[in-house]
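# Structural characterization, general
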Amino acid sequence: MNRRECLHLLTGLAGASFASEARAQGAEPKAMPTIAPPDPNPKVPSFKLPAKSCDSHTHIFGPASRYPFASNRPYNTADAPLEAFRTLHEKIGVERCVIVNATVHGTDNRVVVDAIAQSEGAYKGIANVSDEMTEQELAALDKGGIRGCRFAFLKRLGGVGDMAKFQRIVHQVAELGWHVDVYFEPGTIAEFAPILTALPTPYVIDHMGTAQAGKGLDDPGFTALLDLQKKDEKCWVKITGLERASAAGKPFHDAVPFAKALIDNAPDRVIWGTDWPHPNVRVMPNDGEIVDLIPLYAPDPAVRQKLLVDNPARLFRFG
């Protein structure tokens with residue numbers, strides 16, 4: 001990807017906006033895939049999470065009868081509602097979480113804001129937004145516990161938009177003290193780095209920058225992420241998606257060195273999450289097993305406290 005292509009891609013909004021613009025421009029509709037549900041039998045992990053541990057990247061889907069899925073969603077999914085979400089967190093020992101609104105809900109953020117309202121301060125959220133939202137609408141989301149907005153720059157989640165729209169959104173949310181959550185195609189960090197470092201607000205890179213364990217720790221795509229994370233104090237990275245990074249499959253141990261490298265590189269700017277209910281994965285993980293990976297890449301209890309408790313409390317402004 002060259003710089004011009006990168007700039008064009010960065011103009012995309014959230015997945016729902018991607019798809020609607022593509023349709024408006026006359027793009028051929030594609031068959032909508034149906035993704036697999038999460039493992040229905042998460043194990044109780046051997047590793048006990050510390051008090052106030054935060055799952056910093058998780059989703060709720062529906063129920064569609066109450067929170068309809070967007071007509072231009074990029075995939076179909078079964079419901080993964082708040083009740084199942086709570087049951088999972090109780091079983092694995094999570095006390096706090098950040099709900100990232102999924103592309104299936106488009107820019108309708110009610111499923112997230114309603115869950116936050118019922119959480120007694122235990123939940124925060126990441127919204128999908130558009131440049132058509134007013135300052136009042138964004139302020140209402142902020143009051144409802146939203147702390148950032150997400151841009152998913154993946155081909156499978158849609159198309160591209162307008163750079164002016166992206167800039168307007170970023171500067172609006174910066175005024176609210178939000179950060180920007182970004183999800184990239186593998187190997188594109190180096191092209192995006194100049195744009196990211198110029199952002200007026202912190203940014204959080206999803207899923208370890210879509211690292212690819214099969215390419216090794218010296219892969220230029222991964223070393224570019226390490227370099228950006230080290231140099232830019234605005235850069236945070238989510239230690240999520242080891243099942244996405246893994247080339248070997250379960251128990252995903254080949255992805256552990258990548259998580260450890262990112263944590264060691266900037267221990268004050270990493271956060272952890274499950275990514276439940278794991279949309280669009282090749283191999284469905286068991287969430288209890290995901291928790292049991294934590295001491296492998298964060299063996300120091302002081303570092304684990306930062307990763308699981310202190311860092312997300314600071315970034316998402318938990319009380």
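Summarised in this report is the structure supplied together with it. Remember, it's a predicted structure, so these values are computed and weren't measured experimentally.

### Some words on helix H3 (residues 82-92)
Considered for burial, the residues of H3 that qualify are Leu-82, Phe-85, Leu-88, His-89 and Ile-92. Around the axis of H3, the buried residues are gathered within 125 degrees of arc, so they sit on the same side. Pointing more than 90 degrees away from the buried face of H3 are the exposed residues Glu-83, Thr-87 and Glu-90. Looking at the buried residues of H3, the elements they touch are strand S1 (54-58), strand S2 (96-100), helix H4 (110-117), strand S3 (123-127) and helix H12 (287-292). Directly after H3, the chain includes Gly-93, whose backbone phi takes a positive value near 95 degrees.

### Here we look at the packing of helix H7 (residues 189-197) against helix H9 (residues 220-231)
Two numbers describe how H7 lies on H9: the axes approach to 9 Å, and their chain directions differ by 20 degrees. Our classification of the angle between H7 and H9 gives roughly parallel. For the crossing formed where H7 meets H9, the hand is right-handed. Only Gly-221, Ala-224, Leu-225 and Leu-228 of H9 make contact with H7, whose side of the interface consists of Ile-189, Ala-190, Ala-193, Leu-196 and Thr-197. Classifying every residue of the contact of H7 with H9 by side-chain character gives seven nonpolar, two polar and no charged.

### Describing the pairing of strand S7 (residues 235-239)
Burial within S7 is extensive, with five of its five residues counted as buried. Residue alternation in S7 divides its side chains into two sets, Cys-235, Val-237 and Ile-239 and Trp-236 and Lys-238, and both sets are buried. Where strand S6 (residues 203-205) meets S7, three bridges bridge the pair, whose relative direction is parallel. Of the residues in S7, the one forming a bridge with Val-204 is Trp-236. Of the strand pairs in this sheet, S7 and strand S8 (residues 270-272) are connected by three bridges, and their pairing is parallel. Across the sheet, Lys-238 pairs through a bridge with Ile-271, a residue of S8.

### A look at the layout of surface pockets
A water-sized probe, rolled over the atoms, reveals where empty space remains. When its volume is computed, the second largest pocket comes out at roughly 340 Å³. Every residue lining the second largest pocket is counted, 20 residues in all, and those nearest its centre are Pro-186, Thr-210, Arg-244, Ala-245 and Arg-282. At the level of elements, strand S5 (179-184), helix H8 (207-210) and helix H10 (242-245) are the ones that each hand at least two residues to the lining of the second largest pocket. For the lining of the second largest pocket, a count of residues per class yields nine nonpolar, seven polar and four charged.

### Some remarks on the pattern of salt bridges
This model, assessed by the stated rule, comprises 14 salt bridges. The salt bridge partner of Arg-110 is Asp-108, with a shortest N-O separation of 2.8 Å. We classify Arg-110 as partly exposed; its relative accessible area is 42%. One salt bridge connects Asp-227 with Lys-231, and the closest N-O pair in it is separated by 3.3 Å. In this pair, Asp-227 and Lys-231 are both assigned in helix H9, four residues apart and thus about one turn of the helix distant. Judged by its relative accessible area of 37%, Asp-227 is partly exposed.

### A look at unusual backbone geometry
The omega torsion across Lys-250 and Pro-251 is 5 degrees, close enough to zero to call that bond cis. Assignment of secondary structure puts Pro-251 in the loop between H10 and helix H11 (256-265). Geometrically, the link from Trp-276 to Pro-277 is a cis peptide bond, its omega value of 5 degrees lying close to zero. Locating Pro-277 in the fold gives a position in the loop between S8 and H12. Located in the positive-phi region is Lys-52, a residue other than glycine, with phi close to 65 degrees. With respect to the secondary-structure elements, Lys-52 resides in the loop between helix H2 (15-24) and S1.

### Things to note about the sheet that holds S2
By way of backbone hydrogen bonds, the strands of a sheet pair with one another, either parallel or antiparallel. Ordered by their spatial adjacency, eight strands build an open sheet running S1-S2-S3-S4-S5-S6-S7-S8, and the pairing between neighbours is parallel. Either end of the sheet is taken by a strand with one partner, and the two such strands are S1 and S8. For this sheet the average axis-to-axis angle between neighbouring strands, irrespective of direction, equals 25 degrees. Here S2 pairs with S3 via four bridges, running parallel. Across the sheet, residue Ile-99 finds its bridge partner in S3, namely Gly-125. Relative to the sheet, H4 contacts S2, S3 and strand S4 (146-153), its axis offset from that of S3 by approximately 165 degrees.

About the cut-offs
Residue positions are given per chain, counting from 1 as you read along its sequence in written order. Side-chain atom pairs in this predicted model are given and counted only at pLDDT of 80 or more, local residue features only at pLDDT of at least 70, and totals for whole chains, interfaces and linings cover all residues. The basis for the side-chain values is all heavy atoms of the structure; hydrogens and waters are excluded. Exposure categories follow from relative accessible area, calculated using a 1.4 Å probe and restricted to protein chains: below 20% of the type maximum is buried, above 50% is exposed, and the middle band is partly exposed. Working definition: helices are DSSP H or I runs of at least four residues, strands are E runs of at least two. Numbering for both runs from the N terminus. What the arc describes is the spread of directions from the helix axis to the C-beta atoms. Here, two residues are considered to be in contact whenever any of their heavy atoms come within 4.5 Å of each other. Lines fitted to C-alpha atoms define the axes, with helix axes restricted to the stretch in contact, and inter-axis angles between N-to-C directions lie between 0 and 180 degrees. Should an angle lie under 35 degrees it is considered roughly parallel, over 145 roughly antiparallel, and from 65 to 115 roughly perpendicular; all remaining angles are considered oblique. With the far helix as reference, a near helix turned anticlockwise by less than a right angle produces a left-handed crossing, and one turned clockwise produces a right-handed crossing. Three classes are used, and their members are as follows: Ala, Val, Leu, Ile, Met, Phe, Trp, Tyr, Cys and Pro are nonpolar, Asp, Glu, Lys and Arg are charged, and the others, Gly among them, are polar. By this definition, two strands are paired if DSSP reports at least two bridges between them. For each structure, a 1 Å grid was placed over the protein atoms alone; sets of points admitting a 1.4 Å probe that cannot get out are labelled cavities, open sets with protein on both sides within 12 Å along at least five of seven lines are labelled pockets, and lining residues have an atom within 4 Å of a point. Grid points are joined across faces, edges and corners, and a volume is the space filled by probe spheres set on the points. For this analysis, a salt bridge means a side-chain nitrogen from Lys or Arg found within 4 Å of a carboxyl oxygen belonging to Asp or Glu.

Honestly, that's just the spatial picture; any functional story needs more than this.
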